[in-house]
Amino acid sequence: MTDAHTTGPFIAAIDQGTTSSRCIVFDKDGRIVSVDQKEHEQIFPKPGWVEHDAAEIWTNVQEVVDAAVAKAGITAADVKAIGITNQRETTLLWDKNTGEPVHNALVWQDTRTDALCKELGRNVGQDRFRRETGLPLASYFAGPKVRWLLDNVEGLRERAERGDILFGTMDSWVIWNLTGGTDGGVHVTDVTNASRTMLMNLHTMEWDDKILSSMEIPAAVLPEIRSSAEVYGSAKGGALAGVPVASALGDQQAALFGQTCFAEGEAKSTYGTGTFMLMNTGETPVNSYNGLLTTVGYRIGEQKAVYALEGSIAVTGSLVQWMRDQMGLINSAAEIETLALSVEDNGGAYFVPAFSGLFAPYWRPDARGVIAGLTRYVTKAHIARAVLEATAWQTREISDAMTKDSGVELTALKVDGGMTSNNLLMQTLSDFLDAPVVRPMVAETTCLGAAYAAGLAVGFWPDTDALRANWRRAAEWTPRMDATQRDREYKSWLKAVERTMGWLEDEE
Ligand SMILES: Nc1ncnc2c1ncn2[C@@H]1O[C@H](COP(=O)(O)OP(=O)(O)O)[C@@H](O)[C@H]1O
Ligand SMILES: O=P(O)(O)OC[C@H](O)CO
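I will try to describe carefully the structure that is included in this document. Everything numeric in this text was worked out from a predicted model, so none of it was measured.

About the thresholds
Residues numbered from 1 in each chain as written. Chains lettered and ligands numbered in written order. Predicted model: local features only at pLDDT ≥ 70, side-chain atom pairs only at ≥ 80, totals over all residues. Heavy atoms only, no water. Helix = DSSP H or I, 4+ residues; strand = E, 2+ residues; numbered from the N terminus. Rg over C-alpha atoms; globule rule 2.2 N^0.38 Å. Buried < 20%, exposed > 50% of the residue type's maximum accessible area, 1.4 Å probe, protein only. Areas by Shrake-Rupley, 256 points an atom, 1.4 Å probe, with all protein chains shown as cover. Lys, Arg positive; Asp, Glu negative; His and termini not counted. Charge placed at Lys NZ, Arg CZ, Asp CG, Glu CD. Near = heavy atom within 4 Å. Polar contact = N/O pair within 3.5 Å; in protein donor to acceptor, adjacent residues only side chain to side chain. Nonpolar A, V, L, I, M, F, W, Y, C, P; charged D, E, K, R; others polar. Axes fitted to C-alpha atoms, helices over the stretch in contact; angles between N-to-C directions. Parallel < 35°, antiparallel > 145°, perpendicular 65-115°, else oblique. Left-handed = near helix turned anticlockwise from the far one by under 90°. Contact = heavy atoms within 4.5 Å. Pairing = 2+ DSSP bridges.

A word on the overall build of the protein chain
Logical step 1: Check the secondary structure of the protein chain and you find 16 helices and 23 strands.
Logical step 2: Computed over the C-alpha atoms, the radius of gyration of the protein chain is 22 Å, within 12% of the 23 Å expected from 2.2 N^0.38 for a compact globule of 508 residues.
Logical step 3: Taking the principal axes of its C-alpha atoms as reference, the protein chain extends roughly 65 × 60 × 45 Å.
Logical step 4: Across the 508 residues that make up the protein chain, the buried fraction comes to 61%.
Logical step 5: Split by element, the accessible area of the protein chain, about 19400 Å² in all, is 47% carbon and sulfur.
Logical step 6: The centroid of the 46 positive side-chain charges in the protein chain is displaced by 3 Å from the centroid of its 67 negative side-chain charges.

Thoughts on the site of ligand 2
Logical step 1: Around ligand 2, the neighbouring residues are G17, T18, Q87, R88, E89, W108, Y140, D251, Q252, T273 and F276.
Logical step 2: Here an oxygen atom of ligand 2 and a side-chain polar atom of Y140 are 2.7 Å apart.
Logical step 3: With respect to ligand 2, the side chain of D251 contributes an N or O atom lying 2.5 Å from an oxygen atom.
Logical step 4: Bound to the protein, ligand 2 loses 90% of the 310 Å² it would expose on its own.
Logical step 5: Looking at the shell around ligand 2 residue by residue, the class counts come to 3 nonpolar, 5 polar and 3 charged.

Some points on the packing of helix α10 (residues 317–325) against helix α12 (residues 380–406)
Logical step 1: Viewed as axis vectors pointing N to C, α10 and α12 meet at an angle of 160°, and their least axial separation amounts to 9 Å. Judged on the interaxial angle alone, α12 and α10 are roughly antiparallel. Like other packed secondary-structure pairs, α10 and α12 cross with a definite hand, here right-handed. Residue-level inspection shows L319, V320 and M323 of α10 in contact with α12, the latter providing I383, A384, V387 and A390.
Logical step 2: Its residues assigned to classes, the contact of α10 with α12 comprises 7 nonpolar, no polar and no charged.

Observations concerning the site of ligand 1
Logical step 1: Within the structure, ligand 1 sits among 16 residues, and T19, T273, G317, Q321 and G418 are positioned closest to it.
Logical step 2: Taking T19, its side chain carries an N or O atom lying 2.7 Å from an oxygen atom of ligand 1.
Logical step 3: The contact in question runs from a nitrogen atom of ligand 1 to an N or O atom on the side chain of N422, over 3.0 Å.
Logical step 4: Burial of ligand 1 by the surrounding chains reaches 78%, relative to a free accessible area of 580 Å².
Logical step 5: No other element matches the 4 residues that α10 contributes to the shell around ligand 1.
Logical step 6: Split by residue class, the shell around ligand 1 holds 5 nonpolar, 10 polar and 1 charged.

Structural notes on the environment of R112
Logical step 1: Relative to the helices and strands, R112 resides in the loop between β7 (105–106) and α2 (114–124).
Logical step 2: Along the backbone, R112 and D171 are 59 residues apart, and their C-alpha atoms lie at a distance of 22 Å.
Logical step 3: Not counting chain neighbours up to four residues away, the residues in contact with R112 comprise G48, W49, V50, E51, H103, L106 and W148.
Logical step 4: Looking at R112, its side chain comes within polar contact range of the side chain of E51, at 2.9 Å.
Logical step 5: A distance of 2.7 Å separates a polar atom in the side chain of R112 from a polar atom in the side chain of D110.

Some thoughts on the sheet that holds strand β2 (residues 20–26)
Logical step 1: The sheet built from 6 strands is open, its strands ordered β3-β2-β1-β5-β14-β13 with mixed pairing. The sheet is open, and its two borders are formed by β3 (32–39) and β13 (229–234), each paired with just one other strand. Pairwise comparison of adjacent strand axes, ignoring direction, gives a mean angle of 25° for this sheet.
Logical step 2: In this sheet, strand β14 (residues 244–250) lies alongside β13 in antiparallel orientation, the contact comprising 3 bridges. For G233, the partnering residue across the bridge sits in β14 and is V245.
Logical step 3: Strands in contact with helix α1 (residues 54–72) are β1 (10–16), β2 and β3; relative to β3, the strand with the most contacts, it is inclined by about 155°.

The values reported here are purely geometric and, on their own, carry no functional implication.
Laid out in structure tokens, this is it:
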């Protein structure tokens, strides 16, 4: 993969994602020099429960770093900084004396804390959490997962109160290990990751004592909250020993940064396992009244934080995986496009993949998936089409909510992620949004964003203008759909969504 035309120095980015960990080496023009990637096991102990083995993840991270550096044919001396980005909300507690996780990490998709969230809502009130943290009370976020671990791992609460236990999302776990682990590892997180815990006050950017006490989480377990672009420490060991670790951003915020959405109103949507659309809203947090999250977009060193509105969709690429792995209707993810293109339309079928309830803009844990509009006419090809349309309609719903909350009409959407290689999906998206959809040359915007933030922290790039200059359009799709047809189909989609709700009863 090494590009013969690139010369150092370089920035390395580590993306610890939901399905894999990867390391990418970038040059000064933001071009990819080398990549290495490794998947880790998805552990499903019960329906709705999703776990990761954090020790396996750390081993994989070390391997991909060493391999990416080797593939680039460089040494630590050529690398000016390491940037970290990560799956957000996934929660780990570990023993600071041994470095051993006390339990598998609870993954963001895990719904085991639904009942706990309901109880917290009754006792403390939904609004309290939203006001201070920008988030609705939901099993998606880290705080309730920490509480679950403290309540369910024997003896853990006492150990945590004694100060022997550290909490972190995957950024903290990777940085702590990378900077030495039990031998002086730094225990930090950045504002973007902290903004997904439900424990950080969005206005002060500090842990919120009242929320900690209502969640019964001891402050002793918490990492220090730092900006997204500054030197936290340096790597100890491995191919990048001695290199400063200089950024951390949750993966969706990193993609916002990598897509250079630095101006208010600029938005990106990342199409992977799930889909996450973020809009830069500037230096003041915008409250959402339409089911979006208020979150931190990024904070560069001492500068003011930049906020974002986010629409999170739990199931998009994973629906394609489900069609492949559970249904056996396609052999590869890419085949969904061929199958969908073999018919003209969805044949009247609408697929709402509320597999783990509905996230934005509904936040309904009681919803479960439906395929609506079935008749004898519908074939697997129509279902394939409905699968792709589900991603596009869900984005449309988020985009509508963003316009209502921010007052900004979407003029174009920057996209990235694995699903953007699907042309039919991208065209459908443009049709349903009635706006252009653009994809940049470097589709690895998550790693790129982490690299950019790390590069800014060490002066590798002077400012965000220099980063903007690197953004280049690779593809664009423009709307071709008749407005009446779009409105009619949108109505059918919304009817199908209604049918998912209330499937789970209170006691389930
Ligand atoms: N051609 C395609 N059409 C539709 N979905 C695709 C296609 N290629 C990959 N995907 C989906 O994209 C996801 C992988 O994208 P990626 O950005 O690597 O995800 P993540 O970062 O969440 O692991 C998978 O869920 C896969 O099913
Ligand atoms: O690892 P990804 O790309 O599936 O992203 C996961 C999100 O950060 C969850 O909030």
